[in-house]
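# A look at the structure
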Amino acid sequence: MALMSAAVAALLLAGCAKTEPKSVVRLATTTSVRDTGLLDVLDADFQKDGRYTLQAIAVGSGQAMQLGRTGEADILWVHSPDDEKKFVEEGYGVDRTTFLHNDFVILGPEADPAKVKGSKKAADVFRKIAAAKALFVSRADQSGTHKKELKIWDAAKVRPAKGYYLEAGQGMAGTLSIAEEKKAYVLADRSTYLSMAKNLKLVIVSEGDSLLINRYSLILANPAKFPKVNSAGARAYFDFVLSRPAKELIEKFGVEKYGQQLFFYDYAVK
Amino acid sequence: MEFILEGFRKALHIILSGNPEVFAIARLSLTVSLAATAAAVLAGVPLGSWIAVKKFPLKKLLIALVNTGMGLPPVVAGLVVMLFLARSGPLGFLNWLYTPKGMIIAQFIIALPIIIALSISAMQNVDPKFYNQILALGASDRQAIWVCLKEIRLTIVAAVIAGFGRLVAEVGAVMIVGGNIRYQTRMLTTATVMETQMGNFDMAIAIGLVLLALGFTVNLALTVIQQNKVLTR
């Protein structure tokens, strides 16, 4: 018994020693930023000087903003512009800065049962998918990608037929895996698609519409509203991401591994 | 079929080449689940024994509650712990959400009813005459329970095995409370989910195999301890 309590104490102490000393910055972000590996690349540089530890929770943008609404997150990195504006207007966040973009692509099975290949307009593609009663898999998790998908359905002025619309309730990677197995159409951010392309038979059936652009923003938690947030640490990460070294890392990111740049930096760094 | 074999082949390569990240994840899983099991044993065995030997009102109701707790869904435990540890929650000042300590708490709550319930039933299998005899010899309640525990130690080890087995295989609570953060709170189970969703089946198989091996090793060690005690009786 004494031996066991000593073991517990040792284990608990070992746990403490690892996490306590540095200032922890909690970033709520979207799965696309993690699954591509961008987060790790930036993280290594951010933590280099040893002042901060980044605790990145990769969830959908909807859940990320929920973490922001309860003061759980110090800083957000999200891609759901309409929700972001509302979030800032409601006083939860400050200094929203749109700094990055890439684009969404519509994926589908090679055979293209809804015959959408060649349609440039995303809304036309969705209309054809609904009309052909082809299977479509939705994130259905209030993420930025899900919000974008709903916007396209609105633009198409149709809703998919019941039974042909699967709501996955999962991250991008999980949703893509379901679409792959079901041979369904799906909306994905290009970066997650490329990072998983080697495991997928789905192909891009439509891309390039201006509606498919995907903009990422940083938002700081409002320290006036949430006194417990690590506002100094959040500001440090904010300044780091909006700096020249981060810009260079982001612009180089993906070229070597995927043969193309995955994220395009829009912010004019000083 | 081929991709399964290919997955296994690559998985073995990942394990045999000693992939440091996989082993760090395994170490964290082992640490968290062992700490939670040990804490649950320290609290649960005395509590269960006490419940078993004492007479008090609503005892049957309490035992029914504990037995129900054995089936506590890990995601519910995770949700509750998350709400308490959240910054805006009552224990937010600890800053334990998304840390290994938070995961230990959640797993402790999952294991505790299992250990208590199995301790109660083990203790109730001790002949009451034996217990009363020890008391008659002048032992205190605490001393009498201790003597009985020595008698039923094999069953207690079985309870530890059951508790640890449930924890190391558990994914829901550690996902919610830990957040699957790379290098910080990624466990074998949450990593398996993530790699599977990403379609990295080789990595998922590798981590799954490590998880099985880990469960087997710990169980083997505990079983050896248990069976050795049988022989020395």
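Residues numbered from 1 in each chain as written. Chains lettered and ligands numbered in written order. Predicted model: local features only at pLDDT ≥ 70, side-chain atom pairs only at ≥ 80, totals over all residues.

## Looking at the overall build of chain A
A tally of regular secondary structure across chain A gives twelve helices and ten strands. By its C-alpha atoms, chain A is 65 × 55 × 40 Å across when sized along the principal axes. Out of the 270 residues in chain A, the part that is buried amounts to 48%. Nonlocal contacts in chain A, meaning residues at least 24 apart in sequence, comprise 76% of its contacts between residues at least 6 apart. (Helix = DSSP H or I, 4+ residues; strand = E, 2+ residues; numbered from the N terminus. Buried ≥ 20, exposed ≤ 12 C-beta atoms within 10 Å, placed from the backbone. Contact = placed C-beta atoms within 7 Å.)

## Things to note about the interface of chain B and chain A
It is common to report an interface's size as the accessible area lost on association of the parts. The interface is formed by 22 residues belonging to chain B together with 25 residues belonging to chain A. Within the residue set of the side of chain B that touches chain A, elements represented by two or more residues are α2 (20-53) and α5 (100-124) of chain B. In terms of residue count, α2(B) provides more of the side of chain B that touches chain A than any other element does, seven residues in total. When grouped by side-chain class, the residues that make up the side of chain B that touches chain A number eleven nonpolar, eight polar and three charged. (Nonpolar A, V, L, I, M, F, W, Y, C, P; charged D, E, K, R; others polar.)

## Focus on the domain arrangement of chain A
Residues and elements named next belong to chain A. Annotation of chain A at the domain level lists domain 1 (22-102 + 214-265) and domain 2 (103-212). Facing 20 residues of domain 1, the contacting portion of domain 2 comprises 18 residues. The set of elements that each furnish at least two residues to the side of domain 1 that touches domain 2 consists of α2 (31-35), α4 (61-69) and α5 (81-89). For the side of domain 1 that touches domain 2, the class distribution of residues is four nonpolar, 13 polar and three charged. (Domains from an automatic or database assignment.)

## A word on the pairing of strand β4 (residues 93-108) of chain A
Residues and elements named next belong to chain A. Pairing between β4 and strand β9 (residues 213-221): eight bridges, direction antiparallel. Note on β9: the bridge partner recorded for Thr98 is Ser217. Across two bridges, β4 lies against strand β10 (residues 264-265) in antiparallel orientation. What sits directly across from Leu100, in β10, is Tyr265. Both β4 and strand β7 (residues 185-189) contribute to a ladder of four bridges, which runs antiparallel. Paired with Phe104 across the bridge in β7 is Asp189. Here β4 runs beside strand β8 (residues 203-206); their pairing, made up of three bridges, is antiparallel. Its bridge partner lying in β8, Leu107 is registered against Ile204. (Pairing = 2+ DSSP bridges.)

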